[in-house]
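# Remarks on the overall topology
Single-letter residue listing:
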Amino acid sequence: MLEIKNLHASIDGKEILRGVDLVVPTGEVHAIMGPNGSGKSTLSYVLAGRDGYDVTDGEIIFDGQNIVETPAEERAAAGVFLAFQYPLEIPGVATMTFLKAALNAQRKARGEDELTTPDFMRRVKAASEKLNVTQEMLRRPLNVGFSGGEKKRNEILQMALLEPKLAILDETDSGLDIDALRIVSEGVNALRSPDRSMLVITHYQRLLDHIVPDKVHVMSAGRIVRTGGPELALELEAKGYADYAGEPA
Amino acid sequence: MPAIQETVDQVRQIDVDQYKYGFVTDIESERAPKGLSEDIVRFISAKKNEPEWMLEWRLDAYRRWLTMTEPAWSRVQYPKIDFDDLYYYSAPKSTSGPKSLDEVDPELLAMYEKLGIPLREREILAGVEGASDRRVAVDAVFDSVSVVTTFKEELKKAGVIFCAISEAIREYPEIVKKYLGSVVPVTDNFYATLNSAVFSDGSFVYIPEGVRCPMELSTYFRINERNTGQFERTLIIAEKGAYVSYLEGCTAPMRDENQLHAAVVELVALEDAEIKYSTVQNWYPGDKDGKGGIYNFVTKRGDCRGDRSKISWTQVETGSAITWKYPSCILRGDDSQGEFYSIAVSNGYQQVDSGTKMLHLGKNTKSRIISKGIAAGRSDNTYRGLVSAHRKASGARNFTNCDSLLIGDKCGAHTVPYIESKNASAVFEHEATTSKIADDQLFYCLQRGLSSEEAVALIVNGFVKDVIQQLPMEFAVEAQKLISISLEGSVG
Amino acid sequence: MNAEPRILRTQAEETLALEFAAARTQLPGSPAIAAAREAAFAAFQKLGLPHRRTEPWRYTDLRALLRTVPPLAIGTSGDDVVVADLLPGLDRARLVVVDGAFRPELSDLSGLDGVTIRPLVDLLRDGDTRVGQQIAPLNDAVVSLNSALMVGGVAIDVPADARIARAIEIAHVTSSAVASHVRNLVTIGADASVRILETHLGPAGSAYQANIVTEATAGDRAKVIWAKLQSEGDAAVHLGTLAVSIATETQFDHLTLMTGAAISRAQTFVTYTGENARAGLFGATMIRGKQHADIALGVDHAVPNGASRELFKAVMDGRAEGVFQGRIVVRPDAQKTDGRMMTQGLLLSEDASFFVKPELEIFADDVQCAHGATSGEIDEDILFYLLSRGIPRAEAETLLVTAFLAEAIEGLGDEAIGDAFEEIARNWLATRGQEAA
């Protein structure tokens, strides 16, 4: 599904990713852990195609295509979804309106028909109930005045509706209390499927108690420096990132 | 979101100049000679079969105008207007005055159809579901004259007078005499004084005591003739306890030269009356290089003369090369209310200097100002507004919110509020922000699969939502499309 | 039509013209300065005294307010002047300027090692080109008048890297009913840190007019605290201008406290010439009786990445008129500017007035700018809350008004000066209701 080869990327001339190599096969859930400043969030933005990041070398093979030059919205339509660490607020735009705009834009890009309103409503209802997203929340402007937990649930709701092939979850656990973490994790687990890959980016192990990954990668100074099974996360939890912090930033 | 998609699709079909009302209608017209003099004023008055008092009123205004100078305080720049190089009167030859629909030149009817303004009453009745609540009576003003007013008979049954102002001057001189110039005095400002001398037509509305006008009233202004100034005059009077909602729309053909539009609108609301005045202004804005376009120098003012009266202005300004207008409220009656909701979009080389004045004179008067300015291209967009509390305006309240959104780095957004309080118990709150569409907001939308055009349309629609909600529904949809079209090509 | 209405000169303008003609040869300075005076007076005559239609002066119509002009103060006067201490307990060095003349014998220059202090007349004699530089872009009649008639003041030079712990007060004193035109020049070097205190006072009941223009530059990474206390005599006219340019990473915090004079106007113009500079601009106005006090602000973000914070509070009692006019300009290249301006007026009496014009003029898109303004009286709900807790009304009002002003005073970020200014605010409130009607 996703194959990253020797990926180098920089912002304002400063190199952040220094040769990332990573393979996430279809249907697997991989976690990326690492100390602050190791380049985890940059990796998620580069994968999603955010402006301002220069990919200076390497390839991102998604579904057989190198998407390094592909604009963000086309990547989204192709099935790349990024759950933001800090979801953005858009005043005046009802959450429901936004969901419909996004879903139909992607369907259109893929040459599919737009959903009828009843059809759309049915889907939203089904997905929102599972995530404890109320109708009232859906009517409110997108993320405006939402609590941390509401924002994250809203991200997972979008993921459920957009049915991506690759979901990147950037620090999804940050700012969540234990109940919110459970709801969000259950939402994510429900979306695990043999056709879908996930990349879970997190600083702490606790999220991985809820979303158990197939593999864990450790990132440091812009590279994947170690790969292991779920037990690697526990080891990091016990020992911290001290072993990985010594490299030049 | 279908509205956005539709907008984007529609935008794609439009050529660079984007202005879909830019056609010229081939109508034979009758014009007064170029230039301005007492003779021209007499000519206009004579054409309208006006009584002597009206001619004198105009001549007084003209003489006053000769002593006045063009205002220079607003943030707009344009070459000096040669007032002697304009036509002050132009009328379609086939219609020497308002007539029944059957007598209207078919070319004209076709033009209004093209503009989406239904003038045929039958069509309106047949075409819209729930016709009884959806009907809109239209007064169509073409260059200098009102060509037709629909639904007159039915309105008359309710006691509502809705007709061309030229007709009102002849038919209802006592009402006109009493109110004309009572809100915007003849000497108010350069353009209002000019208008007083040469106004050619416009709409007149009179809602008698206790009557709720049974349908929306609408005037559609169209400038067609080359080198013609359009000076329309609108007067709306709502007697005690009356209510009316009035809509105004405007378009013009694409012309290389600039055309002058200097209207005056006067509203009078007596005790417990309410007037809601909505404008979608889409005069030709000039081409992508800033050539041509309408100079829109307008004086609009409402007088909340009676206690508990209310006047509400809503405007969507997307057209004109230059817009200079400040729809205002004089809150004279105790407990009266004024509102101003505005969206001003500027792109290309457009210049907008618009806002409002809320003059609190009576006790416990309230006003609310919501202004959303969107500047793109090389345009300049200024909000200029005054909120004042008179010594006696105890308990006055104002809330003002003006937000500006900048799209691109060649445009300017300016906010010039004046707040003057002479009463301790008056509470005024003003807040303003200027920002651009944040990169991360845009990226968030792109990541969800929206194109940048769709993303901008979505964010802008959210930005202006508070104002769009104030418009009657038919206008709201139209306005949303118009805003997106006006901003086409603004994201690079 | 289009005939320019002929503007007649007011009596005050006539007097000024006569005075300038009579004084031009006695005014200090090199030939270049003399030529500059002529040009400045011509500029003044062209503009005339500011009036209602002079947009930046909209609410302070000097043409109507200045009926007469007292005689010019030239040369030494006020020999027997006693300089009151408005800020007892605040440790500071003190430069005393009486009617425009720097008076070393009345001053205390201790603790200012490394700082150069000279009378402005020395700079005028030398034709120092820094005089007039900061004000050059201003098209302001009162500043032009000052340039034509300036008689003296002080020049303070704070060298690079200097850390001056002791605050430096420039005490402007007017001795009698004269018109004084004072010019100061403050140059602060890179990485220096300094606290400047500007005070203004004069005799009660004397209809003097003080026109003070201070030009200042602050170097890269300099840290400047600048507080102004306008406590002129109750019949005075105070026209004060500060034009300052701040450079790369300069931190400039400024507070104006307006409480004296019959008619006063304090203008502050800040120009950003280097990136990542930050200015905090604060104001507190406390006026009563028939006082008129105007704070005008011009913030010019000419380069990217500048930040400014403005907070202005005004309390008006009696028939007083408070004015605030602020203008933030963000020029086309000044991307990433962050400007926030807040103005709040509190009217303590039925007859008081508050006029505000907070203006934003923005030509760059990647900016965050906001302004807010409120006007009103003391919040009845909060007042009731305090009353219900047993606090007497007068005390409750004092508490609330002090808290209202304190936010602006504390914005300066200098505890010692802040405390001294808050004391002045408390004293002002303590005498509420005692002033002559």
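First, a word on what this report is: a plain description of the structure on this page. Here the structure is a predicted model, which means the values were calculated and not measured. (Residues numbered from 1 in each chain as written. Chains lettered and ligands numbered in written order. Predicted model: local features only at pLDDT ≥ 70, side-chain atom pairs only at ≥ 80, totals over all residues.)

This brings us to the overall build of chain C. Scanning chain C from terminus to terminus reveals 8 helices and 19 strands. Each principal axis of the C-alpha atoms in chain C carries an extent, and together these give about 70 × 60 × 45 Å. The 437 residues of chain C split such that 53% are buried. Long-range pairs, those at least 24 residues apart, make up 84% of the contacts in chain C with a sequence separation of at least 6. (Helix = DSSP H or I, 4+ residues; strand = E, 2+ residues; numbered from the N terminus. Buried ≥ 20, exposed ≤ 12 C-beta atoms within 10 Å, placed from the backbone. Contact = placed C-beta atoms within 7 Å.)

So, about helix 6 (residues 380-388) of chain C. Sparse coverage of helix 6 of chain C is indicated by the burial of 0 of its 9 residues. Where helix 6 of chain C ends, the next residue or the one after it, Gly390 of chain C, has phi of about 90 degrees, a positive value.

What follows concerns the sheet that holds strand 3 (residues 29-33) of chain A. Residue and element names in this part refer to chain A. Spatially, 6-9-10-3-11-12 is the arrangement adopted by the 6 strands of the open sheet, whose pairing is mixed. Only two strands of the sheet have a single neighbouring strand rather than two, namely strand 6 (80-83) and strand 12 (223-228). Adjacent strand axes in the sheet meet at a mean angle of 20 degrees, parallel and antiparallel pairs treated alike. Where helix 1 (residues 40-48) meets the sheet, its contacts fall on strand 3, strand 6, strand 9 (166-170), strand 10 (197-202) and strand 11 (215-220), and the angle it forms with strand 9 comes to roughly 150 degrees. (Pairing = 2+ DSSP bridges. Axes fitted to C-alpha atoms, helices over the stretch in contact; angles between N-to-C directions.)

What follows is about the nonpolar core. In terms of nonpolar packing, the biggest core is built from 348 residues, with Phe81 and Ile168 of chain A, Val205, Ala238, Val244 and Ile275 of chain B together with Val97 of chain C touching the most fellow members. Take this core: its biggest share by element is 7 residues, from helix 12 (residues 452-463) of chain B. (Core = buried A, V, L, I, M, F, W, Y, C linked by C-beta atoms within 7 Å.)

The interface is formed by 21 residues belonging to chain B together with 24 residues belonging to chain A. Counting only elements with at least two residues in the side of chain B that touches chain A, the list comes to helix 1 (2-13), helix 11 (439-447) and helix 12 of chain B. Tallying contributions element by element places helix 11 of chain B first for the side of chain B that touches chain A, with 7 residues.

This paragraph deals with the environment of Tyr243 of chain B. Residue and element names in this part refer to chain B. Checked against the element boundaries, Tyr243 lands in strand 9 (residues 243-251). A count of 17 C-beta atoms within 10 Å places Tyr243 in the partly exposed class. For the pair Tyr243 and Cys213, spaced 30 residues apart in the sequence, the C-alpha separation amounts to 6.0 Å. Not counting residues within four places of it along the chain, the set of residues in contact with Tyr243 comprises Arg212, Cys213, Ala238, Ala273 and Glu274.

Residues and elements named next belong to chain A. On the basis of which strands lie adjacent, the open sheet formed by 4 strands has the order 2-1-4-5 and antiparallel pairing. Both edges of this open sheet fall to strand 2 (14-24) and strand 5 (65-66), since each of them pairs with a single strand only. In this sheet, strand 4 (residues 54-62) lies alongside strand 1 (residues 2-11) in antiparallel orientation, the contact comprising 7 bridges. The residue of strand 4 that forms the bridge with Ala9 is Val55.

Below, the discussion takes up the interface of chain C and chain B. Each partner contributes to the interface: chain C provides 33 residues, whereas chain B provides 32 residues. The set of elements that each furnish at least two residues to the side of chain C that touches chain B consists of strand 17 (338-347), strand 18 (353-362) and strand 19 (368-376) of chain C. For the side of chain C that touches chain B, the class distribution of residues is 16 nonpolar, 10 polar and 7 charged. Bridge count for strand 22 (residues 412-421) of chain B against strand 18 of chain C is 6 bridges, and the pairing is antiparallel. (Nonpolar A, V, L, I, M, F, W, Y, C, P; charged D, E, K, R; others polar.)

Let's shift gears to the environment of Tyr53 of chain A. Residues and elements named next belong to chain A. Here Tyr53 is to be found in the loop between helix 1 and strand 4. Residue classification places Tyr53 among the partly exposed residues on the basis of 19 C-beta atoms within 10 Å. Placed 131 residues apart in sequence, Tyr53 and Val184 show a C-alpha to C-alpha distance of 29 Å.

This part covers the environment of Asp170 of chain A. Residues and elements named next belong to chain A. With respect to the element layout, Asp170 can be found in strand 9. Distance from Asp170 to Ala242, taken between C-alpha atoms, is 22 Å for residues 72 residues apart in sequence. Beyond its immediate stretch of four places on either side in the chain, Asp170 contacts Ser41, Ser44, Leu82, Ala83, Phe84, Gln85 and Ile201.

Attention shifts here to the packing of helix 11 of chain B against helix 12 of chain B. All names here are of chain B. At their nearest, the axes of helix 11 and helix 12 sit 9 Å apart, and the two run at 120 degrees to each other. Classified by the interaxial angle, the pair formed by helix 11 and helix 12 is oblique. Our pair here, helix 11 against helix 12, has a crossing hand that is right-handed. The residues of helix 12 that touch helix 11, namely those facing Gln441, Leu442, Cys445 and Leu446, are Ser452, Ala455, Leu458 and Ile459. (Parallel < 35°, antiparallel > 145°, perpendicular 65-115°, else oblique. Left-handed = near helix turned anticlockwise from the far one by under 90°.)

Residues Cys369, His371, Ala373 and Ser375 of chain C line the buried face of strand 19 of chain C, whereas the alternating positions Gln368, Ala370, Gly372, Thr374 and Gly376 of chain C sit on a face that is not buried. Pairing between strand 23 (residues 427-436) of chain B and strand 19 of chain C: 7 bridges, direction antiparallel. Bridge assignment links Thr434 of chain B to a residue of strand 19 of chain C, and that residue is Cys369 of chain C. Judged from the 9 bridges that link them, strand 17 of chain C and strand 19 of chain C form a sheet pairing that is parallel. Along strand 19 of chain C, the bridge assignment pairs Asp338 of chain C with Gln368 of chain C.

Residues and elements named next belong to chain B. The buried fraction of strand 11 (residues 264-269) amounts to 6 of the 6 residues, a majority that puts the element mostly inside the structure. Of the two faces of strand 11, the one lined by Val264, Glu266 and Val268 and the one lined by Val265, Leu267 and Ala269 are each fully buried. Inspection of the sheet shows strand 8 (residues 233-238) paired to strand 11 by 6 bridges, in the parallel sense. Paired with Ile236 across the bridge in strand 11 is Leu267.

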